[in-house]
Amino acid sequence: MIRALITGIAGQDGWYLGSLLRSKGYNVVGMVRERGVALASKRPDFPEQPHFDRLCYGELADAGSVRNAIGKVRPDEIYHLGAQSSVVASFSAPEETADINAMGTLRLLEAIRHHRLDCKFFNASSSEIFGKVQEVPQTETTPFCPRSPYGVSKTFALQMTRMYREIHGLFACNGILFNHESPLRPDSFVTKKITNAAVAIAEGTQQTVYLGNLNAVRDWGYAGDYVQVMWRMMQHDRGDDYVIATGRMTTVREFAAAAFNAVGISLDWSGQGVEEQGIDANGIVRVAVSPEFFRPAEVDATVGDASKAHTVLGWQPTVDLDQLVQMMVAEALRA
Ligand code: NAP
Ligand code: F7E
């Protein structure tokens, strides 16, 4: 039986990946920072299913605990998903972000070397490494130009992972993941904030949702599809780096329009910048802009070209944006 260690098992991708690996017969050990965390109680909005066999303690900010976890579990495959994953939060907590995301990845890689472990390593990298994009769409060869402490931390982690592959011969992969969402996305991310708000507005418990940059463009995929390709990378005959994306650009405004449509509310847009509003058929403002949600720096035209993953790994996304919106709205209606 193959033993996998998943860092970040309590997060969105941890749930999908743990479920996938268990369905393939893996023994799944989830690393958490609080021993015995009751994941079900952390996640009352989603039916609990077994997505790990057992948990082990591991704090990415602490080298000793990471080394202990690796030494005790001795996994065949490590899927490193644990991170301070909020770009917004990284602007107010740059040091913590660097410690967990950059140094945390290095601590894992060093623990593998320390224990002379013969294992494979997957690192969850991010499209945020491209930041102020140097070309559109972005591929595995697009130069890095991160614009947030989060993006810088993920650039360090990607380069370290590459270095351990090239210098130490580790089977190591970087998934350069573009945004991927699901009903398990935490409420602070824009897709979940919008789908929750659209449902609350349709049910009459909320009047208006306040958003930041409506012109921001993202390439949004489905988390269930993205964990499939993480596993495929680890089954290939050598470790490598892959852009994982849908190739479709969507603005926050378009995502909001789709979510409101899904609950039967059609929006008309008027005004510009902070004056822009999305207004329903009764003339009620349902979407408004608040400067509170603007960022010190925004990444532009983020859209990925996943041709390499299509060709080499035979991966294709199965859920399009409309299906993703429907899925997230259905879950918000159910909750
Ligand atoms: P997520 O829901 O935020 O989950 C992150 C997990 O990391 C949480 O379970 C969290 O544990 C854990 N974690 C945070 N700090 C830790 C620490 N100091 N020690 C140990 N564990 C810690 O993230 P996700 O959306 O599943 O993303 C998975 C990975 O993909 C992350 O590395 C993220 O940066 C990367 N990524 C995600 C996307 C996306 O669109 N989702 C795109 C590109 C890259 P707690 O529950 O204890 O907080
Ligand atoms: O923002 C805009 C905001 O916070 C998306 C993480 O998984 O993907 C994620 O990071 C866009 C941005 O995700 C609001 O300005 C407008 O342009 O949902 P988000 P993110 O920052 O793209 C990358 C690839 C990761 O690696 C990260 O881990 O939406 N936006 N109005 C807003 N964003 C938020 N959060 N809230 C708003 O009200």
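Conventions used here
Residues numbered from 1 in each chain as written. Chains lettered and ligands numbered in written order. Predicted model: local features only at pLDDT ≥ 70, side-chain atom pairs only at ≥ 80, totals over all residues. Heavy atoms only, no water. Domains from an automatic or database assignment. Contact = heavy atoms within 4.5 Å. Buried area = accessible area lost by both parts, 1.4 Å probe. Salt bridge = Lys/Arg side-chain N within 4 Å of Asp/Glu carboxyl O. Polar contact = N/O pair within 3.5 Å; in protein donor to acceptor, adjacent residues only side chain to side chain. Helix = DSSP H or I, 4+ residues; strand = E, 2+ residues; numbered from the N terminus. Nonpolar A, V, L, I, M, F, W, Y, C, P; charged D, E, K, R; others polar. Disulfide = S-S within 2.5 Å. Buried < 20%, exposed > 50% of the residue type's maximum accessible area, 1.4 Å probe, protein only. Near = heavy atom within 4 Å. Areas by Shrake-Rupley, 256 points an atom, 1.4 Å probe, with all protein chains shown as cover.

Concerning the domain arrangement of the protein
And then number 1: Looking at the assigned domains, one finds that the protein contains domain 1 (3-182 + 221-247 + 300-319) and domain 2 (190-216 + 251-299 + 330-334).
And then number 2: With centres defined by C-alpha atoms, the gap from domain 1 to domain 2 works out at 30 Å.
And then number 3: Each partner contributes residues to the interface: domain 1 has 14 residues there, and domain 2 has 9 residues.
And then number 4: Taken together, the two surfaces of domain 1 and domain 2 that pack against each other cover about 950 Å², and 56% of this comes from carbon and sulfur.
And then number 5: Along the contact surface separating domain 1 from domain 2 lie 0 salt bridges.
And then number 6: Counting every contact that joins domain 1 to domain 2 gives 2 residue pairs in polar contact (both at pLDDT 80 or more).
And then number 7: Ranked by residue count, the leading element in the side of domain 1 that touches domain 2 is helix 4 (residues 87-92), at 3 residues.
And then number 8: Looking at the side of domain 1 that touches domain 2 residue by residue, the class counts come to 6 nonpolar, 3 polar and 5 charged.

Section: the state of the cysteines
And then number 1: Tallying each qualifying case throughout the model produces 0 disulfides.
And then number 2: The closest cysteine sulfur to the non-disulfide-bonded Cys-119 is located on Cys-173, 11 Å from its own sulfur.
And then number 3: A relative accessible area of 0% means that Cys-173 is categorised as buried.

Quick word on the side chain of Thr-302
And then number 1: With respect to the helices and strands, Thr-302 occurs in the loop between strand 15 (285-289) and helix 10 (307-313).
And then number 2: Apart from residues lying up to four places away in sequence, Thr-302 is in contact with Ser-127, Gln-138, Phe-178, Val-217, Arg-218 and Asp-219.

Quick look at the site of ligand 2
And then number 1: With respect to spatial proximity, 21 residues lie near ligand 2, and among them Ser-85, Ser-126, Tyr-150, Arg-295 and Glu-298 are the closest.
And then number 2: Contacts to ligand 2 include Ser-188, whose backbone N or O atom sits 3.0 Å from a nitrogen atom.
And then number 3: A distance of 2.8 Å separates a nitrogen atom of ligand 2 from a polar backbone atom of Gly-212.
And then number 4: In isolation ligand 2 offers 700 Å² of accessible surface; the protein chains occlude 94% of this area.
And then number 5: For the shell around ligand 2, a count of residues per class yields 9 nonpolar, 7 polar and 5 charged.
And then number 6: A domain split of the shell around ligand 2 shows at least three residues from each of domain 1 (3-182 + 221-247 + 300-319) and domain 2 (190-216 + 251-299 + 330-334).

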